[in-house]
Each structure stands twice: as structure tokens, then as C-alpha cells.
Amino acid sequence: MTLYPKLIMDALATVMYAGTKKNLVESGMVVDTPSINGMKVRVVLEFPRDTDPFLKSTVKAAEAAIHYQVSNEVEVEIVTEFKSKARPKDEKLLPQVKNIIAVSSGKGGVGKSTVAANLAIALARLGYKVGLLDTDIFGPSVPKMFHVEDANPYAVEIDGRNLIEPIEKYGVKLLSIGFFVSPDTATLWRGGMATNALKQLLADANWGELDYFILDTPPGTSDIHLTLLQTLTITGAVIVSTPQQVALADARKGIDMYRNEKVNVPILGLIENMAWFTPAELPGNRYYIFGREGCKKLAEEMQVPLLAQIPLVQSICESGDQGEPAALSSDTATGLAFINLAQSVVTVVNRRIAK
């Protein structure tokens, strides 16, 4: 019998990893191509950490799958590696970053990226040093929102390392996978490729000193979220939702992900986006087209703060599409809403630090 890598990869694709509920190949855990020498096979599996509770069972399942799918005569060697190797307690990935805030949502279409961009700008306008990382590898939107689609980040040498220099706009340091791929082409990457790209934007960039590092995360729960949680010490998460019940149901799932005992990231609060519609010609009127105060009720139920209620105003969408987010102006109701949101985030972060 002749062995070849696809036989082994197909066998590994039948093994589910409980940490992601996907198979080993989809989870990006198979490092490089399995090496084959006659009937000897060597497979390298990368786990999130050396204390992974599913490590032993996954290794046994991988070995059994090769024997079952290929041949019992195969001599299998499985080597384990780990993404997050233990660092000294006084060392972290971004030592000059004071607070890392994940902006999250249970579903798409609720305006999460708009909120993340405006929050970052509002914090910068309050005088803080701010960075914004677009972690949505498959649907990056930050370049358009900041009108920097044509930007080309370059490398700088710092302490013998070549680091990516973030783009700076409106006082915010920016990086997005959108700077490195064609905006007209779908990004077709397996999970491992996406997470590796994200790690490079985190670890191989010159972020420097930041008071607030905002992470615009993809909607839902995914490998990207796991990578962020395993790689960074996140100060807290803010959950964005619209008031209607279908969005609130998914917001609950997002809250549960961060509150999971294996994750344990504090929920700083909820943001109700599109809370009501106010027509430009009737600025005093409010029309609750998606329901009324759904996020406020959810915040009370989950015992977390309601950080802001952002109205649905046509200018928010238009300003984002034009690359001039609403938070740039304090003279409008929406601009003021985002400034108030930034102040609320600062307040809840300071309270946590003081505890």
C-alpha cells in the first residue's frame, strides 16, 4: 500500500475537535503537510494551549482515525504544538496597551463595525491614544469607513524586527486585512490561514503606546474569537444589538460566549444601535421601528450597564460610506451620542481597574 498526504488529511478531517466543534483540518490544527516515510506517518497538531482539556482525547481520536480510514499497519506519530506558549507572568503580547476592548455582536447587520469605528474616534477626540484592529478577516469594513481603501501599510524596523506600521486617520491607528487583499475579490481562506493573518496584525505591528485598543470582531462566534481570547488579555467586551427580539436572542449568545467559565471576559455593557428612527426634518420625533428599549431590558436581565442608545439616522450610514464617521462632529445628535458612549466606556473601565 502506498501512502500519500491526502489520505492522511482526509482521515484527520473525520476527527472533531471539541474546542471548536469543527474537524481538525477546518480548525487549522494540522501544521504543514503530514510527513510520510514508507508506512510511517508523522502528524503535527497545534492546540490552543498546553493545558487544553481535549488534548489527549483528540490525539487518540486522530491516531484511531488514521488506522481506521487508511490502514492498521500505519505507524502513527502525532506531535503536539501550542499556539499560546506560557509567557512569564509579567510579560504580555502588547505590553504598551493599557486596555483592550472587544466590540462584538451576536449577528451581522446590527451596525457593530459602525459603532466600533465611531467609538475609536470618539475616544481619540477625548484625548486618548487609540488603536482599531479590524479582525473581520472575511468582511473587512474599516478601510472604507475611514476612507483609506488605497492605503498601503509599510514595514518599519524596530529593535531588529520588521513591524507593520498602522495607518493613522482621525487620531486612530488602524489595521485591517482589507489593506492587504483586493476589495473586489472574496477572501477564500481556511480557518488556520485566517487566524495566522490575524496574529500577524496583532503581534507584528507597531501599535506602540495605546490607552484603548478597539477590536472590531466578526459577528457571531468563530475561530477568530477563539484566537483573540487565547492571544490577548481582553479588558472587557461591549455587545452591540438592535432592539428587535431576533437580534437580542443572538446578543445573549455573545454574552454567554464571553461569560463562559473557560473564557471569563467581563461584559462592560450593551449598546443599543438603531434604537429609534429620527427623520432629519423632524429631529424631535422618535419612531421605534425595531421595537422599544429591547437592549435596555436585556441589560437589566443580564445585570450589565446599558452604555448607549444610538438612533437610526440616515447621516450615520452616509458619513460611514463617505469615510467621515459621525463621531467627528459634536454638533449633531449622533456625534454627541458616540462621545457619550466613549465617556461611558471610560467610566466602566476605570471602575473595573479601581476594584
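Figured I'd write up the structure that's included with this text.

Calculation criteria
- Residues numbered from 1 in each chain as written.
- Predicted model: local features only at pLDDT ≥ 70, side-chain atom pairs only at ≥ 80, totals over all residues.
- Heavy atoms only, no water.
- Core = buried A, V, L, I, M, F, W, Y, C linked by side-chain atoms within 4.5 Å.
- Buried < 20%, exposed > 50% of the residue type's maximum accessible area, 1.4 Å probe, protein only.
- Contact = heavy atoms within 4.5 Å.
- Helix = DSSP H or I, 4+ residues; strand = E, 2+ residues; numbered from the N terminus.
- Polar contact = N/O pair within 3.5 Å; in protein donor to acceptor, adjacent residues only side chain to side chain.
- Expected span 1.5 Å × (residues − 1).
- Arc of directions from axis to C-beta.
- Axes fitted to C-alpha atoms, helices over the stretch in contact; angles between N-to-C directions.
- Left-handed = near helix turned anticlockwise from the far one by under 90°.
- Nonpolar A, V, L, I, M, F, W, Y, C, P; charged D, E, K, R; others polar.

Let's talk about the nonpolar core
Phase 1 of the analysis: By size, the foremost hydrophobic cluster in this structure holds 81 residues, and its most contacted members are L132, L133, F146, V172, F213, I214 and L341.
Phase 2 of the analysis: Leaving out residues up to four positions away in the same chain, L133 has contacts with L175, L198, L201, L202, W207, F213, I214, L215 and D216.
Phase 3 of the analysis: In terms of nonpolar packing, the next biggest core, distinct from the first, is built from 23 residues, V15, V25, F47 and I78 among them.

Focus: the side chain of S113
Phase 1 of the analysis: Take S113: it is sitting in helix α3 (residues 112-125).
Phase 2 of the analysis: For S113, a relative accessible area of 13% gives the class buried.
Phase 3 of the analysis: At a separation of 2.7 Å, a polar atom in the side chain of S113 contacts the side chain of D216.
Phase 4 of the analysis: If we ignore the near neighbours within four places in the chain, the residues touching S113 are S141, M145 and D216.

Some words on helix α7 (residues 245-259)
Phase 1 of the analysis: When the terminal C-alpha atoms of α7 are compared, their 21 Å separation across 15 residues agrees well with the 21 Å that a helix rising 1.5 Å per residue should span.
Phase 2 of the analysis: When α7 is considered as a whole, its buried residues turn out to be A247, L248, D250, A251, G254, I255, M257 and Y258. Angular distribution of buried residues about the axis of α7 spans 165 degrees; they occupy a single face of the element. Looking at α7, the residues exposed on the side facing more than 90 degrees away from the buried face are Q245, V246, K253 and D256.

Focus on the packing of α7 against helix α8 (residues 294-302)
Phase 1 of the analysis: Packing of α7 against α8 brings their axes to within 11 Å, and their N-to-C directions diverge by 35 degrees. Seen from above, α7 lies across α8 with right-handed handedness. Taking contact as the criterion, the partners of L248, A251, R252, I255 and R259 in α7 are, on α8, G294, C295, L298, E301 and M302.
Phase 2 of the analysis: Classifying every residue of the contact of α7 with α8 by side-chain character gives 6 nonpolar, 1 polar and 3 charged.

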